[in-house]
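# Reading the structure
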Number of protein chains: 2
Amino acid sequence: MKITMAHGSGGKSTSELIDNIFKKANSNPVLDMMEDSAVVDGFKTIAITTDSFVVTPMFFNGGDIGRLSVCGTVNDLLMRGAVPKYITSAYIIEEGADTDDLEKIAESMSQTAKEAGVTLVCGDTKVIEGKCGIYINTTGVGFVENGIDIKSANCKAGDKVIVSGNLGDHHATILSSRMGISNSIKSDNAPLNEMVLGLIKNNIGVHAMRDITRGGLGTVLNELSSASGYGFLINEEDLPVSEAVKGFCEILGLNIMHMGNEGKMVAIVDSEDANKALQIIKSSKYGENARIIGTVTDDNGVIMNTKIGGKRIITELFGEGLPRIC
Amino acid sequence: MKITMAHGSGGKSTSELIDNIFKKANSNPVLDMMEDSAVVDGFKTIAITTDSFVVTPMFFNGGDIGRLSVCGTVNDLLMRGAVPKYITSAYIIEEGADTDDLEKIAESMSQTAKEAGVTLVCGDTKVIEGKCGIYINTTGVGFVENGIDIKSANCKAGDKVIVSGNLGDHHATILSSRMGISNSIKSDNAPLNEMVLGLIKNNIGVHAMRDITRGGLGTVLNELSSASGYGFLINEEDLPVSEAVKGFCEILGLNIMHMGNEGKMVAIVDSEDANKALQIIKSSKYGENARIIGTVTDDNGVIMNTKIGGKRIITELFGEGLPRIC
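Residues numbered from 1 in each chain as written. Chains lettered and ligands numbered in written order. Predicted model: local features only at pLDDT ≥ 70, side-chain atom pairs only at ≥ 80, totals over all residues. Heavy atoms only, no water.

This next bit is on the overall build of chain A. Tallying secondary structure elements over chain A gives nine helices and 14 strands in all. For chain A, the C-alpha radius of gyration of 20 Å lies close to 20 Å, the compact-globule estimate for 326 residues. With respect to the principal axes defined by its C-alpha atoms, chain A has extents near 65 × 50 × 30 Å. Burial analysis of chain A (326 residues in total) assigns 62% to the buried set. For chain A, long-range pairs separated by at least 24 residues make up 86% of all intrachain contacts whose partners lie at least 6 apart in sequence. Looking at chain A as shown, the accessible area adds up to about 11900 Å², and 48% of this sits on carbon and sulfur atoms. In chain A, 30 positive and 41 negative side-chain charges are present, and the distance between their average locations comes to 3 Å. (Helix = DSSP H or I, 4+ residues; strand = E, 2+ residues; numbered from the N terminus. Rg over C-alpha atoms; globule rule 2.2 N^0.38 Å. Buried < 20%, exposed > 50% of the residue type's maximum accessible area, 1.4 Å probe, protein only. Contact = heavy atoms within 4.5 Å. Areas by Shrake-Rupley, 256 points an atom, 1.4 Å probe, with all protein chains shown as cover. Lys, Arg positive; Asp, Glu negative; His and termini not counted. Charge placed at Lys NZ, Arg CZ, Asp CG, Glu CD.)

So, on to the interface of chain B and chain A. Contacts between the two partners involve 71 residues from chain B and, on the opposite side, 71 residues from chain A. Taking both partners together, chain B and chain A bury about 5800 Å²; carbon and sulfur atoms supply 55% of that area. Of all residues in chain B, the largest losses of buried area upon contact with chain A belong to B:Asp36, B:Ile48 and B:Arg214, amounting jointly to 13% of the total for that side. Residue A:Glu129 pairs with B:Arg324 through a salt bridge whose shortest N-O separation is 2.5 Å. Summed over the shared surface of chain B and chain A, the result is 34 residue pairs in polar contact (both at pLDDT 80 or more). For the side of chain B that touches chain A, a count of residues per class yields 29 nonpolar, 23 polar and 19 charged. Judged from the four bridges that link them, strand β2 (residues 45–53) of chain A and strand β1 (residues 38–41) of chain B form a sheet pairing that is antiparallel. From the neighbouring strand, A:Ile46 faces β1(B), where its bridge partner is B:Val40. (Buried area = accessible area lost by both parts, 1.4 Å probe. Salt bridge = Lys/Arg side-chain N within 4 Å of Asp/Glu carboxyl O. Polar contact = N/O pair within 3.5 Å; in protein donor to acceptor, adjacent residues only side chain to side chain. Nonpolar A, V, L, I, M, F, W, Y, C, P; charged D, E, K, R; others polar. Pairing = 2+ DSSP bridges.)

What follows concerns the pairing of strand β6 (residues 119–128) of chain A. Residues and elements named next belong to chain A. Burial analysis of β6 places eight of its ten residues in the buried class, which makes it a mostly covered element. Note that strand β5 (residues 83–94) and β6 share nine bridges and pair parallel. The residue of β6 that forms the bridge with Thr88 is Cys122. In this fold, β5 hands off to helix α4 (residues 99–116), which returns the chain to β6; that crossover is right-handed. (Right-handed = clockwise from strand over helix to strand, strands pointing away.)

The next thing to look at is the packing of aromatic side chains. Tallying each qualifying case throughout the model produces six aromatic pairs over all chains. Taken together, the ring pairs in this structure connect A:Phe43, A:Tyr86 and A:Phe143 into an aromatic cluster. When the ring centre of B:Phe53 is taken as reference, the NZ or CZ atom of A:Lys126 above it lies at 5.4 Å. The cationic tip of B:Lys104 hangs over the ring face of B:Phe59; the distance from NZ or CZ to the ring centre is 5.6 Å. (Phe/Tyr/Trp six-rings, centres within 6.5 Å; stacked < 30°, edge-to-face > 60°. Lys NZ or Arg CZ within 6 Å of the ring centre and 35° of its normal.)

Residue and element names in this part refer to chain A. On domain assignment, one finds that chain A holds domain 1 (35–144) and domain 2 (152–313). Relative to domain 2, the C-alpha centre of domain 1 lies at a distance of 24 Å. Between domain 1 and domain 2, the residue contacts involve 23 residues of the former and 26 residues of the latter. For the pairing of domain 1 and domain 2, the buried interface totals around 1900 Å² over both sides, and the portion due to carbon and sulfur atoms is 58%. Contact with domain 2 buries area across many residues of domain 1, yet Asn61, Leu78 and Met79 alone supply 31% of it, more than any other trio. Remark: the boundary between domain 1 and domain 2 carries one salt bridge. Note that Lys285 and Glu115 form a salt bridge whose closest N and O atoms lie 3.5 Å from each other. Put simply, domain 1 and domain 2 have eleven residue pairs in polar contact (both at pLDDT 80 or more) between them. Only β4 (63–64), α3 (65–78), β5 and α4 provide two or more residues apiece to the side of domain 1 that touches domain 2. The biggest single contributor to the side of domain 1 that touches domain 2 is α3, with eight residues. Across the side of domain 1 that touches domain 2, the residue classes break down as twelve nonpolar, seven polar and four charged. (Domains from an automatic or database assignment.)

The subject of this paragraph is helix α4 (residues 99–116) of chain B. Residues and elements named next belong to chain B. In a regular helix each residue adds 1.5 Å, so 18 residues correspond to 26 Å; α4 covers 25 Å between its end C-alpha atoms and thus fits that length. Those residues of α4 that fall on the buried side of the exposure criterion are Thr99, Leu102, Ile105, Ala106, Ser108, Met109, Ser110, Thr112, Ala113 and Ala116. Sitting at the amino-terminal end of α4 is Asp98, which places a side-chain oxygen 2.8 Å from the backbone nitrogen of Asp100. The positive-phi residue at the C-terminal boundary of α4 is Gly117, with phi of around 70°. (Expected span 1.5 Å × (residues − 1).)

So, about the pattern of salt bridges. The full count for this structure, using the stated rule, is 34 salt bridges over all chains. For A:Arg291, the salt bridge is made with A:Asp238, and the minimal N-O distance between the two is 3.7 Å. Within this pair, whereas A:Arg291 is found in strand β12 (residues 291–297), its partner A:Asp238 is found in the loop between β10 (231–235) and α8 (243–252), the two being separated by 53 residues in sequence. A salt bridge links B:Asp149 to B:Lys151; the nearest nitrogen and oxygen atoms lie 3.5 Å apart. The partly exposed category is assigned to B:Lys151, whose relative accessible area is 23%. Shared partners join several salt bridges into a network, and the residues in it are A:Asp51, A:Arg214, B:Asp124 and B:Lys126.

Let's shift gears to unusual backbone geometry. Following A:Thr56, the chain continues into A:Pro57 via a peptide bond in cis, with omega recorded as 0°. Summarising the element assignment, A:Pro57 is placed in the loop between β2 and β3 (59–60). Its identity is not glycine, yet B:Met34 carries a phi of approximately 55°, on the positive side. With respect to the helices and strands, B:Met34 occurs in the loop between α2 (29–32) and β1. The exposure class of B:Met34 is partly exposed, given its relative accessible area of 39%. Of note in the backbone geometry, B:Arg324 takes a positive phi value of approximately 50° without being a glycine.

Turning our attention to the confidence of the model for chain A. Per-residue confidence for chain A gives a mean pLDDT of 96; residues scoring 70 or more make up 100%. Here the predicted complex carries an ipTM of 0.96, next to a pTM of 0.96. (pLDDT = per-residue confidence, 0-100.)

See the structure below:
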C-alpha cells in the first residue's frame, strides 16, 4: 500500500496506520496507552539527546534507517556515560512511500531497541508531499549514575586516545550504494552499550567520549580540542581501517579522517587505565578492532604523524562531505 | 543566505549555521556544551512526548512553526498533569530554505520556550533536497508529582466535559492562508501551562485531558470513549466558536467537530469540581472562552444534541482533513 496525505490527518487513517504497522512492531503497556505523553519512572540525573535521520538509501548493506535511528541516539546517550532507557520515534513520511518499507523499518527499530535495552515510549506520524522518502527523529533519555562526569572539556594532556574499531565503514557503504558499486563493505551501525558500560563498571578513568558520525574522526578530535583547550597527536599507522575500505578510499581519493561511522567511538582515557580500557573494548561486541591511536598534548588542534614520517595538520571537515549519510 | 547541502555535513558549515542562528536564539550552559547528549537534573516520575511539525505555510496569522513546535509538545506533557521542564529541537531543512526564516523561527521557539517555562537542552540539524521547507521535531520531558494520575481510561459516567476555548481557530487560519483569504481569524497556538497547573494546584478532580489538534474535538472524544469504555453527550449550542470562524465554516461547509486547534484542550472533570474547574480555566491566560459542553455517559461513542433539537452521532475524522495543519 502507498502512503497518502490522509495517513497524516490525525483521524481514522492515521490510527489504522499506527495499528497495522507501528503497533505490530512495537508494543508495551506505556506505548499502547496512546496518550498525549508517556509517564514513566524517572531518575535523579538524566541524559537527553535528539537526532533526525534522513539517510539515503533507506536500506543499505548491514543496516537500514530504522536500525540507524536507534543506534545513533543510544550512542549519544552512552557518550556521556548514561545508561540508555527510553526512546521516542517520530516519522515524517513522504506521500507515496510504501507501507512494506515502513513495516521493515519499524521492525528493525524494534529489534535494535531490544538489543540496546531501550523502551520505545511514544511516537508521532506526519505525512508530507515529496518523493516517497522516510525521515525518522528519535530522542533518547537515559540515567546517569552519581559521580559520572564525562565531557569533552575533561580531556587532559597525557590522556590516551582510543578508537573502538575500523573507521569509515558506514560512509563507504552509503557511497558504494549510491555509486552502484557492489563490494563487501558493510555499515557498522550498532549500539555501543556493552563497551561503554563495561568501561564504567570497571571504574576506568574515561574523561570524554564521542561517537564518530558526520564529519568523521578529524571533526570530532577538533571539537574535543576546542572544548578542552588541549591538542591531539595521532599516528596514521595506528588508525584501524579494513583492507576493503582502505582500497575504496585509495581509488576515490577519500580522506579516512573525515568519513563517518555509525557504531564507532573515540574515548579519551587516563593514560594509566588505557591498556585496561583497550582490553575491555576489544573483548566487547563491536570492539574487536579497537586501537590506541594517539595522545592528548599541551598543544592546540590535531596533528597526525604520517606513515612516511611527516606531520600533517588535521582540520575539521569543510564543505559537503557526503550528504544524507545519517 | 540560502541553505545548501553542506550545512548538513556535520563539519564547519554545520557548526557555523548552529553558531550564527541557533545559538544566537537559544543559549544556556547545558546547550552551549554541544555534547552528544545533555545531562540534567531528573525526577522520580517523568513524562515524555514527541511531535514533528510540518505545517505549511511556516508563518501564519498569530504564529509560526517555531511557536507551534513548542506549544504542541508542551501541551502534550501538560495533558498528563506533568510540569514541562526540558525540550529538544531537531530541524530537517530543505536545500534553498532562507536563513532569515530560520532566524525568525528559532527566535520564536526561544520566546515560546520562555513563556512555557521549558529549557531547550539539545538540538540537531539535517539538510535534505526539496523545496525550501523546514520541519521541526520537538521532544519534551516533564515531571509528574506524586499522586497525579490523569489518563483517558479514567473518564467516568457523570463527569463533566470542559472545552478551554473557541474551536477551530488554528485550522481556519491555515486554510484561510492557503486559500489566500484575508480575514481576522488568528491561530490559537499557545502553551496551556497556567490553566492546567492551576487545576492541579487547586486539587481539581481532573480525570483526563487531551489537547485538541489534528482530527478535532470529534476525534479526541471518540478516542476518550474507546479508551474509557464510556460515552459522551455534548450540546451543540454550548460549543465555543468565534463568530468569524462560525461564518467561515458556514461558507465552506466545514464541520467544527473535526477542525484542529493548537492551544485548546478538553478536560474531563469530576462533576462536583466542574464549576470550580471552569472558573480556574476562564481566569487563566488563553482560557477566557472556556465552556462546559457536556457529560460523560454510560453509553458508547459520542452523541451531540443539535441546536434544532435532534441528536447526531459524532465520528472520528475520516479521510484527509486538512493536510499539514501542524
